Number of protein chains: 2
Amino acid sequence: MSVSERPSGAVAPGQVRAGAFDVGLLGHGTVGAAFAGLLAERAEAVERATGRRPRLSGTLTRSEGDFEQILASSEAIVELIGGVEPAREYLLRALRAGRHVVTANKQLLSHHGEELFQAAREGGAQLRFEAAVAGVVPVIRVLSESLAGAHVERVHGIVNGTTNFILTEMAGGASYEQALAEAQRQGYAEADPSEDVSGKDAAAKMAILARLAFGTPVHIDQVTYEGIERLQTDDLQYARELGLGLKLVGTAERRDGGLSVRVHPAFLYGDHPLASVGGPFNAVTVESEAITEITMSGPGAGGVQTASAVLGDLISTMLPPPAGWAGSNGWAGPNPPLPLVGDVPSAFYIHIELADRPGALAAVAQALGDQGASIKSVVQRGLGERARLVMVIHPLAESKLREALERIGELDFLRSTPRAIRVIEEEFT
Amino acid sequence: MSVSERPSGAVAPGQVRAGAFDVGLLGHGTVGAAFAGLLAERAEAVERATGRRPRLSGTLTRSEGDFEQILASSEAIVELIGGVEPAREYLLRALRAGRHVVTANKQLLSHHGEELFQAAREGGAQLRFEAAVAGVVPVIRVLSESLAGAHVERVHGIVNGTTNFILTEMAGGASYEQALAEAQRQGYAEADPSEDVSGKDAAAKMAILARLAFGTPVHIDQVTYEGIERLQTDDLQYARELGLGLKLVGTAERRDGGLSVRVHPAFLYGDHPLASVGGPFNAVTVESEAITEITMSGPGAGGVQTASAVLGDLISTMLPPPAGWAGSNGWAGPNPPLPLVGDVPSAFYIHIELADRPGALAAVAQALGDQGASIKSVVQRGLGERARLVMVIHPLAESKLREALERIGELDFLRSTPRAIRVIEEEFT
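Everything quoted here is computed from the prediction, not taken from an experiment.

K.L.:
I'd love a proper account of the overall build of chain A, names of residues and values included.
P.N.:
The helix and strand tally for chain A stands at 14 helices and 15 strands. In terms of C-alpha radius of gyration, chain A reaches 24 Å, essentially the compact-globule figure of 22 Å for 429 residues. Dimensions of chain A along its principal axes, counting C-alpha atoms only, are 90 × 45 × 40 Å. The 429 residues of chain A split such that 57% are buried. A fraction of 74% describes how many contacts in chain A between residues 6 or more apart in sequence connect residues 24 or more apart. Carbon and sulfur atoms make up 48% of the accessible area of chain A, which amounts to about 16200 Å² in all. Measuring between centres, the 38 positive side-chain charges of chain A sit 3 Å from its 52 negative side-chain charges.

Right under this line is the structure:
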């Protein structure tokens, strides 16, 4: 080894960047323990890259450690506790005291992002959070650095590995309940999976991505989301006949001079870059006129992957903070924020079961036509006395689709509640 | 607009980072013109992000402009001339004079990387080259920053859009000549396509990626490469029967304590992340124990995409140079470089035409077995008097495969030269 071992803490007078870089760790669960291990393992390589050797100055767990002491003895704080409090209070104090912060806490960022970024500005500290979205897939860095000069049009993401695993299983024929049980068995879903399957986890991540991509503060409450709990294996099978695949897709895009951020199940055409993302993987596609589109994919957040993303961020905090951090670190800065808009048009897949009788299709088509919907494709299939009608309509505002579905729901030959799922067409080529 | 317009050049005394950021542009071809346009269009957004407004201080073309004058009046030089000289001389002078350099010149970097990085160290300047590999896909930044702390095991890349377009056409049934003509018609291939189809362009890019991923200087002469000129449409069709797809794949990986860097046509199993990358797209997969694997994909280098990658780099040069740049910018620094190794084992697909006579398969199997090859799958098909034998063998050193093919070539019932193409198996899951 050509690297000289410096005695810990031995910093020559007047020499700012040398010796150890002290890191305080908050939380020592799966990810925390993985990070502590990885830091020790990679300390020498990090020293080669940065000139300083990182080491843990202290660890705070539920039962041990003292935050004041850790704060006083650290240059950077790694937060892996999760949840809003006390993480929020710790990080506000750390940032205001000029300590860099690396966190994987999407909940905190999507609820209190503005407050945290403000504290970082006040303290002249870096706030980094690659691990909060898409695990080790470096979408945060790419959006905030590589694409800092690009005019982003749209971000699509599969940002929840649990639901993607479940949908992959369902595409293979499993029921929702079977697929969820399998996800739990393999450790991809929690015992209480509601944050994931409701779309809320993905919504928090899309709020974070939207902020970076569009320089606009987005609170999780401004993200509309819909989960996968009501999807049926049938939907995936019929969709396959139409050449579609089903994913839980987060979207953040410019619409009518504003910004729309939403999460919902969506059918994708087979050539969409997200269509082939299977199992617990995450992927994000960024579209812009100048770049066409970039897709990044990789495993969702396991303990080791998250720890690796945290270490990458930590290394960045060991380098001088970029001067333009305000603009590239996810808060809006002087950029006029975009208004958030709702009720955006989508193409829809619609599934209807009705009594197999003359005029049924005509009545359904009439209800849709009255709202301005135009039908792109339709498959009708007899099932004894019933018929199943599966159709795809061209883009229609959500409110009009709802209106049409209500009208269809009142038809007396209907045999089940109509289901509608958005279809993402090839928007950009 | 909330951004105040500063008169150009008006820097308050003692205020270092304010006012314009002067950029000298070398080259004004397709990419150069696209960059000049994009810079003007995005100047205000860049000012919001960095606090300084970039502007062109001068442009050097074949017929106009003066390098000395441009160098004297610029903080950063953007090199889009291409080729080795005079680009090399200009960039060495700029870096030594402390000017940051952004370049898309893979040829220069893969031949004279060490010299350029050394000049950057001497001048305390940044050398950035995202656009040299995979266009707008941010693989350089991800390798040098996000993954700076990771122990990379392997990089696989489809880094040449021309050949990927041709292979995609051939997979659809076109002959090599038809596919090349179509690529030329659509502007994806040059009139003289030899740099691309020979694999040399991809080899230069893999040298650059290998340096970053493994902290080891790699010269293009250390990269073994093989092109796509001799591939047959047949190979793609037989391979499909075996569940494989065909790509020109660059590989840089740790092998036997050293580093192997190579480019060759390779069959990929359908679930490999690179298997679904079609048309002129580029994609890179990075594997490491901590991250499992990340895949990044996007369009190869068109003029606008390359310009966008150059702008992203330029923005980075406007921020303070990272302290640890030596370690994260692609030269080896104090890291002991890995030795380059050759003759690595691969699985192979082998295609043989022979007279349809008893004992033929046995003789072929014997020749392979003598070299230690073990057969994974085989398809034999009669064609009148001939038979085609298509097989996949388990990993075998290249030298042994060559030996076996020579032996097979001597068999008297052979009816055409045997062809062998590497097969990339799922190495990491």
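Having put the structure on the table, let's press on.
K.L.:
Go over the packing of aromatic side chains with me, naming the residues and quoting the values.
P.N.:
The description of two aromatic rings rests on the distance between their centres and on the angle between their planes. For the structure shown, the criterion picks out 8 aromatic pairs over all chains. Seen from their ring centres, A:F165 and A:Y188 are 4.9 Å apart, and the 45° between their planes marks the pair as tilted. Note that A:F165 is positioned in helix α6 (residues 161-171) and A:Y188 in the loop between α7 (176-185) and α8 (194-197), a separation of 23 residues in sequence. Of the residues examined, A:F165 reaches a relative accessible area of 5% and is grouped as buried. Taking the relative accessible area as the measure of exposure, A:Y188 reaches 34% and is therefore partly exposed. With 4.2 Å between their ring centres and 25° between their planes, B:F67 and B:Y90 make a pair best called stacked. Here B:Y90 lies in helix α3 (residues 87-96) and B:F67 lies in helix α2 (residues 67-72), a separation of 23 residues in the sequence. Here B:F67 matches B:Y90 in class, with each residue buried.

K.L.:
Any details on unusual backbone geometry? Residues and values, ideally.
P.N.:
All names here are of chain A. The peptide bond linking E85 to P86 adopts the cis configuration, its omega dihedral lying at 5°. With respect to the element layout, P86 can be found in the loop between β3 (76-79) and α3 (87-96). Even without glycine at this site, D256 takes up a positive phi of about 50°. By the element assignment, D256 lies in the loop between β8 (244-255) and β9 (258-269). In this structure D256 comes out as exposed when scored by relative accessible area, which is 75%.

K.L.:
I'd love a proper account of the pairing of strand β3 (residues 76-79) of chain B, names of residues and values included.
P.N.:
Residues and elements named next belong to chain B. What you see with β3 is no split at all: A76 and V78 on one side and I77 and E79 on the other are buried throughout. Two strands pair when backbone bridges link them, and strand β1 (residues 20-26) and β3 are joined in this way by 4 bridges, in the parallel orientation. Bridge assignment links V23 to a residue of β3, and that residue is A76. Two elements, β3 and strand β4 (residues 100-103), share 4 bridges in a ladder whose sense is parallel. Within the sheet, the bridge partner assigned to E79 lies in β4 and is T103. Traced from β3 through α3 to β4, the parallel crossover comes out right-handed.

K.L.:
Give me the sheet that holds β4(B): which residues, what numbers.
P.N.:
All names here are of chain B. Judged by pairing direction, the sheet is parallel, and its 5 strands sit side by side in the order β2-β1-β3-β4-β5 without closing on themselves. One side of each edge strand has no neighbouring strand; the edge strands of this open sheet are β2 (53-60) and β5 (127-128). Against the sheet, helix α11 (residues 303-317) engages β1, β2, β3, β4 and β5, with an angle of about 170° to β4.

K.L.:
Lay out the nonpolar core with the relevant residues and their values.
P.N.:
Within the largest apolar cluster, 175 residues are counted, with the highest numbers of intra-cluster contacts made by A:L209 and B:L209. Beyond its immediate sequence surroundings of up to four residues, B:L209 is in contact with B:V133, B:V139, B:I140, B:L143, B:V155, B:V159 and B:V284.

K.L.:
Go over the pattern of salt bridges with me, naming the residues and quoting the values.
P.N.:
Counted according to the given criterion, the structure contains 51 salt bridges over all chains. Among the salt bridges present, the one from B:R211 reaches B:E114, with a minimum N-O distance of 2.2 Å. With B:R211 in helix α9 (residues 200-214) and B:E114 in helix α4 (residues 106-123), this pair connects stretches of sequence that are 97 residues apart. Taking the relative accessible area as the measure of exposure, B:E114 reaches 35% and is therefore partly exposed. Through salt bridges with shared partners, a single network forms among A:R154, A:E253, A:R255, A:R262 and A:E287.

K.L.:
Break down the side chain of A:T292 for me, citing the residues and quoting the values.
P.N.:
When you line up the elements, A:T292 lands in strand β11 (residues 292-299). A polar side-chain atom of A:T292 sits 2.8 Å from a polar atom in the side chain of B:Q305.

K.L.:
I'd like to hear about the packing of helix α13 (residues 360-370) of chain B against helix α14 (residues 398-409) of chain B, residue by residue, with values.
P.N.:
Residues and elements named next belong to chain B. Axis separation between α13 and α14 bottoms out at 8 Å; the angle between their running directions is 150°. Overall, the two elements α13 and α14 adopt an arrangement that is roughly antiparallel. Between α13 and α14 lies a crossing whose hand is right-handed. Between α13 and α14, the contacting residues are V364, A367, L368 and D370 on the first element and A404, R407 and I408 on the second. Residues belonging to the contact of α13 with α14 are distributed by class as follows: 5 nonpolar, no polar and 2 charged.

K.L.:
For a nonpolar patch on the surface, give the residues involved together with the corresponding values.
P.N.:
Together, A:L361, A:I375 and A:V378 give the surface a local cluster of nonpolar side chains, amounting to about 220 Å² of exposed area. Within the secondary structure layout, A:I375 lies in strand β13 (residues 375-383).

K.L.:
Lay out helix α4 (residues 106-123) of chain A in plain terms, naming residues and giving numbers.
P.N.:
Residues and elements named next belong to chain A. The end-to-end C-alpha separation of α4 is 21 Å, well short of the 26 Å expected for 18 residues at 1.5 Å each. When the local axis directions of α4 are compared, the greatest deviation, roughly 90°, occurs at H112. Along α4, the residues classified as buried are L108, L109, S110, G113, L116, F117, A119 and A120. The inward-facing, buried residues of α4 abut β3, α3, β4 (100-103), β5 (127-128) and α9 (200-214). Of the residues trailing α4, G124 is marked for its positive phi of about 65°.

K.L.:
Tell me what's going on with the sheet that holds β4(A), and back it up with residues and numbers.
P.N.:
Whenever strands of a sheet pair, they do so through backbone hydrogen bonds, lying parallel or antiparallel. Read across the sheet, 5 strands follow the order β2-β1-β3-β4-β5 (chain A) without closing on themselves; strand pairing throughout is parallel. Pairing within the sheet leaves two strands with one partner each, and these edge strands are β2 (53-60) and β5 of chain A.

K.L.:
Tell me about the pairing of β4(A), and name the residues and values.
P.N.:
Here is the key point about a regular strand: its side chains alternate between the two faces of the sheet. All names here are of chain A. In β4, alternate side chains face the same way, and those of H100 and V102 on one face and V101 and T103 on the other are all buried. Across 2 bridges, β4 lies against β5 in parallel orientation. Among the inter-strand pairings, V101 is bridged to a residue of β5, identified as L127. Handedness of the crossover joining β4 and β5 through α4 is recorded here as right-handed.

K.L.:
I'd love a proper account of the environment of B:L167, names of residues and values included.
P.N.:
Residue and element names in this part refer to chain B. Note that L167 resides in helix α6 (residues 161-171). Overall, L167 belongs to the buried group, its relative accessible area being 1%. Taking C-alpha positions, L167 is 9.7 Å from P265, a pair spaced 98 residues apart along the chain. For L167, the contacting residues outside a window of four places in its chain are I228, L231, L236, L246, K247 and L248.

K.L.:
Outline the side chain of A:R141, listing residues and values.
P.N.:
Along the polypeptide, A:R141 turns up in helix α5 (residues 139-146). When sequence neighbours within four positions are dropped, the list of residues in contact with A:R141 reads A:R128, A:E130, A:S146, A:G312, A:D313, A:S316, B:R141, B:E145 and B:S146.

K.L.:
Talk me through α11(B); I want residue IDs and the actual numbers.
P.N.:
For α11(B), which comprises 15 residues, the first-to-last C-alpha distance of 21 Å matches the rise-based estimate of 21 Å (1.5 Å per residue) to within 8%. A large share of α11(B) lies buried, amounting to 14 of its 15 residues.

K.L.:
Describe in detail the confidence of the model for chain A, supporting the description with residues and values.
P.N.:
All names here are of chain A. Summary statistics for chain A give a mean pLDDT of 86 and a share of 91% for residues scoring 70 or more. Every residue in residues 1-17 scores below 50 in pLDDT, and together they form 21 contacts with partners more than four places removed in sequence or on other chains. Low confidence marks residues 322-334, where pLDDT is under 50. Its contacts with residues over four positions away, or in another chain, come to 35 contacts. Per the prediction output, this complex has pTM 0.83; the corresponding ipTM is 0.78.

K.L.:
Break down the environment of B:H351 for me, with residues and values.
P.N.:
Inspection of the secondary structure puts B:H351 in strand β12 (residues 345-355). A C-alpha to C-alpha distance of 6.7 Å links B:H351 and B:M391, two positions 40 residues apart in sequence.

Thresholds, definitions, all that
Residues numbered from 1 in each chain as written. Chains lettered and ligands numbered in written order. Predicted model: local features only at pLDDT ≥ 70, side-chain atom pairs only at ≥ 80, totals over all residues. Heavy atoms only, no water. Helix = DSSP H or I, 4+ residues; strand = E, 2+ residues; numbered from the N terminus. Rg over C-alpha atoms; globule rule 2.2 N^0.38 Å. Buried < 20%, exposed > 50% of the residue type's maximum accessible area, 1.4 Å probe, protein only. Contact = heavy atoms within 4.5 Å. Areas by Shrake-Rupley, 256 points an atom, 1.4 Å probe, with all protein chains shown as cover. Lys, Arg positive; Asp, Glu negative; His and termini not counted. Charge placed at Lys NZ, Arg CZ, Asp CG, Glu CD. Phe/Tyr/Trp six-rings, centres within 6.5 Å; stacked < 30°, edge-to-face > 60°. Pairing = 2+ DSSP bridges. Right-handed = clockwise from strand over helix to strand, strands pointing away. Axes fitted to C-alpha atoms, helices over the stretch in contact; angles between N-to-C directions. Core = buried A, V, L, I, M, F, W, Y, C linked by side-chain atoms within 4.5 Å. Salt bridge = Lys/Arg side-chain N within 4 Å of Asp/Glu carboxyl O. Polar contact = N/O pair within 3.5 Å; in protein donor to acceptor, adjacent residues only side chain to side chain. Parallel < 35°, antiparallel > 145°, perpendicular 65-115°, else oblique. Left-handed = near helix turned anticlockwise from the far one by under 90°. Nonpolar A, V, L, I, M, F, W, Y, C, P; charged D, E, K, R; others polar. Patch = residues over 30% accessible without salt bridge, like charges linked within 9 Å, V, L, I, M, F, W, Y side chains within 5 Å. Expected span 1.5 Å × (residues − 1). Bend = angle between axes of the 7 residues up to and from the residue. pLDDT = per-residue confidence, 0-100.

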